[in-house]
Amino acid sequence: MQEKQTGDMQPEHKRRKRYSGTHPKHFAEKYKEHDPEKYGDTIAKVISKGSTPAGMHISIMVNEILDFLQIRPGQTGLDGTLGYGGHTRKMLEELKGSGHVYSLDIDPIEIVKTEKRLRDAGFGEDIFTPIRQNFANIDLVSAQYGPFDFCMADLGVSSMQIDNPERGFSYKLDGPLDLRLDPEKGIPAWQRLSQMNRDEIIGMFVENSDEPYADKIASEILKRKKKGNMVKTTTDLREAVETALAFLPNDPEKKDILKKTCQRVFQAIRIDVNSEFEVLDAFLTKLPGILKSGGRVAILTFHSGEDRLVKKAFAQYYKEGIFSEISTDVIRPSAEECKSNPRARSTKMRWAVKK
């Protein structure tokens, strides 16, 4: 039998991991979630129903951002929040092969996937550079690559992070209560909760998400801790919320109240674990220094606390003559976009131009 030449050898085909039943139950077995773009028909079907395909992220207000940024070939831009890469990709397309976009992300898992996705789409090192860096440190990035003609930041959590139960971002999926955007730094949410007293937990819920049942939920969390049943998983936390709100009458509205309360509680803890307000404040403080004269910036926020910080900073820079123009009102996604992508509903966009 003639031996194959080494150079002719084809890469070994790896079979997909088998699972029991007709559908994969565990996240590690859900092959479509790990590489959704290979399944175009599935993606189209899910999006047509107004949902986000698992494992991918639909960028929000892309047209509004591009209309404002007015990107031209040859310019240099910064995407402070790379995520799935949707906004970065559209900005790269506007450059038409000339210029550069630098994109930041602290998530060690997703930044690798997104770089490959954009490289496969034809964006080489000459035009696109991903940087694993917190956008609080844009001054360090600018010192090496800036200043920039345009900049944007999308402050929402990426759908890929929400869909992975191991990350602990969703009350709907059972997993460890982690909630860290960078799982290699800091402490997970369950550990953070175990260190807090009642007043600190209440303050976190109120300040980060205006939670009306903060005191009752904090009491239930600490009651469980006292009995040796510390809240360690997403299911533990969801059940603590449900128990704390057991006093509510069993009417059609209760289900919706529980849903919104869980969303607020998870949001509040995520903000605390990742120091999101402090990070945003640092970003806004350094923002004027990384923009060229005439440089444009657009920021997407998803709750009132973030929007207040952006509004206040932009107004102050305008008053000081640092920004020549700012948005006087928030820009909202269209009704059509909200219908096709419900996760866009709470989005607010503000923009500014440096003098």
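Criteria and cut-off values
Residues numbered from 1 in each chain as written. Predicted model: local features only at pLDDT ≥ 70, side-chain atom pairs only at ≥ 80, totals over all residues. Heavy atoms only, no water. Salt bridge = Lys/Arg side-chain N within 4 Å of Asp/Glu carboxyl O. Helix = DSSP H or I, 4+ residues; strand = E, 2+ residues; numbered from the N terminus. Buried < 20%, exposed > 50% of the residue type's maximum accessible area, 1.4 Å probe, protein only. Expected span 1.5 Å × (residues − 1). Arc of directions from axis to C-beta. Contact = heavy atoms within 4.5 Å. Axes fitted to C-alpha atoms, helices over the stretch in contact; angles between N-to-C directions. Parallel < 35°, antiparallel > 145°, perpendicular 65-115°, else oblique. Left-handed = near helix turned anticlockwise from the far one by under 90°. Nonpolar A, V, L, I, M, F, W, Y, C, P; charged D, E, K, R; others polar. Pairing = 2+ DSSP bridges.

Moving on to the pattern of salt bridges. Across all of its chains, the model carries 20 salt bridges by this definition. Residue Lys113 is joined to Glu110 by a salt bridge in which the shortest nitrogen-to-oxygen separation is 3.7 Å. Linking Lys113 with Glu110, this pair stays in helix α5 (residues 110–120), spanning three residues, or about one helical turn. When its relative accessible area of 6% is taken as the criterion, Glu110 is described as buried. A salt bridge links Arg132 to Asp182, with the shortest nitrogen-to-oxygen separation between them at 3.2 Å. You can see Arg132 sitting in the loop between β3 (128–131) and α6 (138–145) and its partner Asp182 sitting in the loop between α7 (159–163) and α8 (189–194), a full 50 residues away along the chain. Judged by relative accessible area, which is 7%, Asp182 ranks as buried.

All right, on to helix α10 (residues 214–226) then. Taking 1.5 Å as the rise per residue, α10 with 13 residues should run 18 Å; its terminal C-alpha atoms sit 18 Å apart, in good agreement. Residues of α10 that are buried include every one of Ala214, Ile217, Ala218, Glu220, Ile221 and Arg224, and no others. Buried positions in α10, seen along its axis, are confined to an arc of 160° and lie on one side of it. On its buried face, α10 is in contact with α8, α9 (198–209), α11 (234–244) and α12 (254–273). In the segment just after α10, Gly228 is the residue with positive phi, at about 85°.

Let's shift gears to the packing of α6 against helix α13 (residues 276–290). Across the interface, α6 lies against α13 with an axial gap of 9 Å and an inter-helix angle of 15°. One element, α6, and the other, α13, form an angle in the roughly parallel class. Where α6 crosses over α13, the handedness of that crossing is right-handed. Two secondary-structure elements touch here, α6 through Ile138, Asp139 and Ser142 and α13 through Phe283, Lys286, Leu287, Gly289 and Ile290. Counted by class, the contact of α6 with α13 contains four nonpolar, two polar and two charged residues.

The strand order across the open sheet built from seven strands is β3-β2-β1-β4-β5-β7-β6, with neighbouring strands paired in mixed fashion. Since the sheet does not close on itself, it has two edges, and those belong to β3 and β6 (323–326), each with one partner. Sheet twist, expressed as the mean angle between neighbouring strand axes with direction ignored, is 15°. Examined bridge by bridge, strand β1 (residues 76–79) and strand β4 (residues 148–154) share three bridges and lie parallel to one another. Bridge pairing in β4 links Gly77 to Phe150. Packed on one face of the sheet, helix α3 (residues 62–69) meets β4, β5 (291–301) and β7 (348–354) and runs near 165° to β5. Running at roughly 150° to β5, α13 makes contact with β1, β4, β5, β6 and β7 of the sheet.

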